[in-house]
Amino acid sequence: MIKNLFNEKKAAQAAAYFLLRAGGPLTVLKLMKLLYLAERGSYERYGTPMIGDRLVSMPHGPVLSITYNHMSGELDSTAGGWDAWIADRAEHNLDLRDREALNSPEDDLLELSDADLAVLSDVWQRFGRMSAWELRQWTHKHCPEWKDPDGSMIPMRPEDLFAALNFTPEQTREALARLHAESAANAAFASLK
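Numbers given for residues are sequential positions, taken from 1 along each chain in its written order. In keeping with the predicted nature of the model, local features appear solely for residues at pLDDT of at least 70, side-chain atom pairs appear and are counted solely at 80 or more, and the whole-chain, interface and lining totals rest on all residues. Excluded from the side-chain calculation are hydrogens and water; included are all heavy atoms of the structure.

Asks: For this particular structure, what's the right way to read the overall build of the protein chain?
Replies: Think of it this way: any DSSP run of H or I at least four residues long counts as a helix, any run of E at least two long counts as a strand, and we number them from the N terminus. In terms of regular secondary structure, the protein chain is built from 9 helices and 5 strands. The helix and strand sequence of the protein chain, counted from the amino end, reads α-β-α-β-β-α-α-β-α-α-α-β-α-α. Taking the principal axes of the C-alpha coordinates as reference, the protein chain spans close to 45 × 45 × 30 Å. Relative accessible area decides the class of each residue, using a 1.4 Å probe on protein chains only: under 20% of the type maximum gives buried, over 50% gives exposed, and in between gives partly exposed. A buried classification covers 47% of the 193 residues belonging to the protein chain. Residues count as neighbours in contact if any of their non-hydrogen atoms are within 4.5 Å of one another. Here the contacts in the protein chain between residues at least 6 apart in sequence split such that 69% fall between residues at least 24 apart. All accessibility values rest on the Shrake-Rupley procedure with a 1.4 Å probe; residue burial counts only the protein chains present in the view. Summing over all exposed atoms, the protein chain offers an accessible surface of approximately 10000 Å²; the carbon and sulfur share of this is 49%. Charge separation in the protein chain, taken as the distance between the mean sites of 21 positive and 28 negative side-chain charges, equals 5 Å. Residues scored as charged are limited to Lys and Arg (positive) and Asp and Glu (negative), so that His and the chain ends carry no count. In this description, the location of a charge corresponds to atom NZ of lysine, CZ of arginine, CG of aspartate or CD of glutamate.

Quick look at the structure:
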């Protein structure tokens, strides 16, 4: 497993993007599927993650593990992170903390690059109208990196995702090298704090 890639601010702002587009709350299941498809889309287009989360297979499909823990209120948020953008979970729904504070993704979600926003836009255009259960079924059928965990959880290896995305062996080696280099840089930076 490659560590030190998760960017809480990007996870929160990607979630905020989808909640803004939805015009109201989304179920945890639907928001998670949209975020997973965005992370997958970033890997597919650029060979790198948007959020850098740990990918896992769970009974309802592929999940961004750390983001899910934020959604569930199991992790403390950092300054400008999850709690700055996303309200506390209400039953099975999540919404923006302050809908009036977010007018334009390009002007307000500054952690997200133009490339990130393009991926998020594409995911919303393609999947935004689907229900949570339709997305669940879609990921079960069209995300071969997901394996049925039989009621539990199974970590996904980056290599499995790259194989599902039809990366060549060389593309996989290059992508893994970039991920390891980013992980090392993030660890070095964190040690300076």
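Asks: Help me understand the pairing of strand 3 (residues 61–64) in this model?
Replies: It is a general feature of regular strands that their side chains alternate between the two faces of the sheet. Two strands are counted as paired when DSSP detects at least two bridges linking them. As judged from the 4 bridges shared by strand 2 (residues 55–58) and strand 3, these two strands associate in the antiparallel manner. In the sheet register, Leu 55 faces strand 3, and the bridge partner there is Leu 64. A loop of 2 residues connects strand 2 with strand 3, the two strands running antiparallel in sequence.

Asks: Honestly, the environment of Leu 31 in this entry has me stumped. Any pointers?
Replies: Along the polypeptide, Leu 31 turns up in helix 2 (residues 28–46). Linking Leu 31 and Phe 6, residues 25 residues apart in sequence, is a C-alpha distance of 18 Å.

Asks: Would you explain the nonpolar core in this entry?
Replies: One broad trend across soluble globular proteins is that nonpolar side chains are buried collectively. Only buried residues count toward a nonpolar core. Its members are Ala, Val, Leu, Ile, Met, Phe, Trp, Tyr and Cys residues joined through side-chain atoms within 4.5 Å. Ranked by internal contacts, the top residues of the largest apolar core, which has 53 residues, are Phe 18, Leu 31, Leu 35 and Leu 120. With sequence-adjacent residues up to four places away left out, Phe 18 is seen in contact with Leu 26, Leu 31, Leu 34, Leu 35, Ala 38, Leu 120, Val 123 and Trp 124.

Asks: Got a minute to help me understand the confidence of the model for the protein chain in this structure?
Replies: Interpretation of the predicted coordinates at a detailed level should be avoided for regions scoring low in pLDDT. Here the protein chain averages 94 in pLDDT, while 99% of its residues score no lower than 70. Each residue gets a pLDDT score, which is the predictor's confidence in that residue and runs from 0 to 100. Within the protein chain, helix 5 (residues 105–108) has the poorest average pLDDT of any element, 89, and helix 6 (residues 114–127) the best, 98.

Asks: Hey, could you run me through the pattern of salt bridges in this one?
Replies: Any two side chains of opposite charge can pair, given that their charged atoms come close. Here, a salt bridge means any side-chain nitrogen of Lys or Arg that lies within 4 Å of a carboxyl oxygen of Asp or Glu. One pass over the full model with this rule turns up 6 salt bridges. The closest approach of N and O atoms between Lys 10 and Asp 116, which form a salt bridge, is 2.8 Å. On the criterion of sequence distance, the pair formed by Lys 10 in helix 1 (residues 8–22) and Asp 116 in helix 6 is long-range, its members being 106 residues apart. Both residues of the pair, Lys 10 and Asp 116, count as buried. As a salt-bridge pair, Arg 97 and Asp 88 come within 3.7 Å of each other at their nearest N and O atoms.

Asks: Sorry if this is basic, but what is going on with the packing of helix 1 against helix 2 here?
Replies: Two packed helices can be described by the angle between their axes and the distance between those axes. To define axes, lines are fitted to C-alpha atoms, for helices over the stretch in contact only, and angles between the resulting N-to-C directions are given on a 0 to 180 degree scale. Helix 2 packs onto helix 1 with a crossing angle of 120° between their chain directions and a minimal axis gap of 10 Å. Where helix 1 crosses over helix 2, the two elements pack in a sense that is right-handed. Packed against helix 1, whose contacting residues are Ala 11, Ala 14, Ala 15, Phe 18 and Leu 19, the element helix 2 presents Leu 31, Leu 34, Leu 35 and Ala 38 at the interface. Ten residues, namely Ala, Val, Leu, Ile, Met, Phe, Trp, Tyr, Cys and Pro, are considered nonpolar, four, namely Asp, Glu, Lys and Arg, are considered charged, and the remaining ones, Gly among them, are considered polar. For the contact of helix 1 with helix 2, the per-class residue count stands at 9 nonpolar, no polar and no charged. Crossing handedness is read from the near helix: turned anticlockwise from the far helix by less than a right angle, it gives a left-handed crossing, and turned clockwise, a right-handed one.

Asks: What is the right way to read the packing of helix 2 against helix 7 (residues 132–142) from this model?
Replies: Where helix 2 meets helix 7, the closest approach of the two axes is 8 Å, and the angle between their N-to-C directions is 35°. The hand of the helix 2/helix 7 crossing is left-handed. Residues Leu 29, Lys 30, Lys 33, Leu 34, Leu 37 and Arg 40 of helix 2 form the contact with helix 7, whose own contacting residues are Ala 132, Trp 133, Leu 135, Arg 136, Trp 138, Thr 139 and His 142. Residue composition of the contact of helix 2 with helix 7, by class: 7 nonpolar, 2 polar and 4 charged.

Asks: Explain the pairing of strand 2 here, please?
Replies: In the sheet, strand 2 pairs with strand 5 (residues 154–155) via 2 bridges, with the strands oriented antiparallel. Paired with Val 56 across the two strands is Pro 155, which belongs to strand 5.

Asks: Just checking my understanding: could you explain the sheet that holds strand 2 for this structure?
Replies: One key point about sheets: their strands pair by backbone hydrogen bonds, in either a parallel or an antiparallel sense. Across the sheet, which stays open at both edges, the 3 strands sit in the order 3-2-5 with antiparallel pairing between neighbours. The open sheet has two edge strands, strand 3 and strand 5, and neither has a second partner.

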